[in-house]
Every structure is written in structure tokens, then in C-alpha cells.
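Remarks on the overall topology
Single-letter residue listing:
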Amino acid sequence: MAGKDEATRLKRRHGRRLLQLPGVVGVGVARGRGAEDYVLVVSVEEDDPSTRGAVKQTVGDEPVRIVKTGKFKKQ
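Bear in mind that the values here come from a model prediction, so they are computed numbers and not experimental data.

Things to note about the pairing of strand β1 (residues 24-31)
Both β1 and strand β2 (residues 38-44) contribute to a ladder of seven bridges, which runs antiparallel. The partner of V29 across the bridge, within β2, is L40. The hairpin turn running from β1 into β2, its antiparallel successor, is six residues long.

Looking at the nonpolar core
Nonpolar side chains in soluble globular proteins generally cluster together in the buried interior. By size, the foremost hydrophobic cluster in this structure holds 12 residues: L10, L18, L21, V24, V27, L40, V42, V44, V55, V59, V64 and I66. Going through the elements one at a time, α1 (4-19), β1, β2 and β4 (62-68) are the ones with two or more residues in this core. It is β2 that contributes the most residues to this core, three residues altogether. Apart from residues lying up to four places away in sequence, L18 is in contact with V24, V27, L40 and V42.

Here we look at the environment of E6
Its location among the elements puts E6 in helix α1. For E6, a relative accessible area of 27% corresponds to the partly exposed category. For the pair E6 and L19, spaced 13 residues apart in sequence, the C-alpha to C-alpha distance is 19 Å. There is a polar contact of 3.2 Å between the side chain of E6 and the side chain of R9.

Things to note about the confidence of the model for the chain
The share of residues in the chain with pLDDT of 70 or more is 97%, and the mean pLDDT across the chain is 88. Looking over the chain, one finds the lowest element-wise mean pLDDT in strand β3 (residues 58-59), namely 73, and the highest in β1, namely 94.

Structural notes on the pattern of salt bridges
The final tally for this structure, using the stated rule, is three salt bridges. The salt bridge partner of E46 is K68, with a shortest N-O separation of 3.7 Å. In this pair, E46 is assigned in the loop between β2 and α2 (49-54) and K68 in strand β4, connecting sequence segments 22 residues apart. Residue classification places E46 among the partly exposed residues on the basis of a relative accessible area of 44%. We classify K68 as exposed; its relative accessible area is 51%. The partner of D47 in a salt bridge is R52, and the shortest N-O contact between them spans 2.8 Å.

How each quantity is defined
Residues numbered from 1 in each chain as written. Predicted model: local features only at pLDDT ≥ 70, side-chain atom pairs only at ≥ 80, totals over all residues. Heavy atoms only, no water. Pairing = 2+ DSSP bridges. Helix = DSSP H or I, 4+ residues; strand = E, 2+ residues; numbered from the N terminus. Core = buried A, V, L, I, M, F, W, Y, C linked by side-chain atoms within 4.5 Å. Buried < 20%, exposed > 50% of the residue type's maximum accessible area, 1.4 Å probe, protein only. Contact = heavy atoms within 4.5 Å. Polar contact = N/O pair within 3.5 Å; in protein donor to acceptor, adjacent residues only side chain to side chain. pLDDT = per-residue confidence, 0-100. Salt bridge = Lys/Arg side-chain N within 4 Å of Asp/Glu carboxyl O.

Below is the structure:
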């Protein structure tokens, strides 16, 4: 698992590419399982096989958490 700085670097490095994938609506960083562990979170509109296939389960050597959020609305 990555620390917060490494997860943030992964987001900066891969975020734009991930946002261009069909069904991806957001990219962020969240706590992992441990107190100092962080993961890259990819928010998807629908959690379907084609979207999961487009989003790799790891970026670099770090795991990716895929979360179904639906479509985000501008406020």
C-alpha cells in the first residue's frame, strides 16, 4: 500500500487518463486498510464489467479501489 504522498502522485500522474475512460466520473485518494495506507479511488457511474475491464486493478504497483457513485452533479 502507498502512503498519502505516493497515492497523490499516482492521482496526478494517471488521473486525466483514467477520467477519459468510459464510465469513469472521478479519481481521488482515500485511506486504505491501515492508518498510513492510502489507495487511488476511481469513481464510476455504473459498476459493470466493461468499465471494470477498462480500469486496471493496479496503477503502477499500487491497488485501485473502484467505487460506484453514479453521475456527479455540478453544484
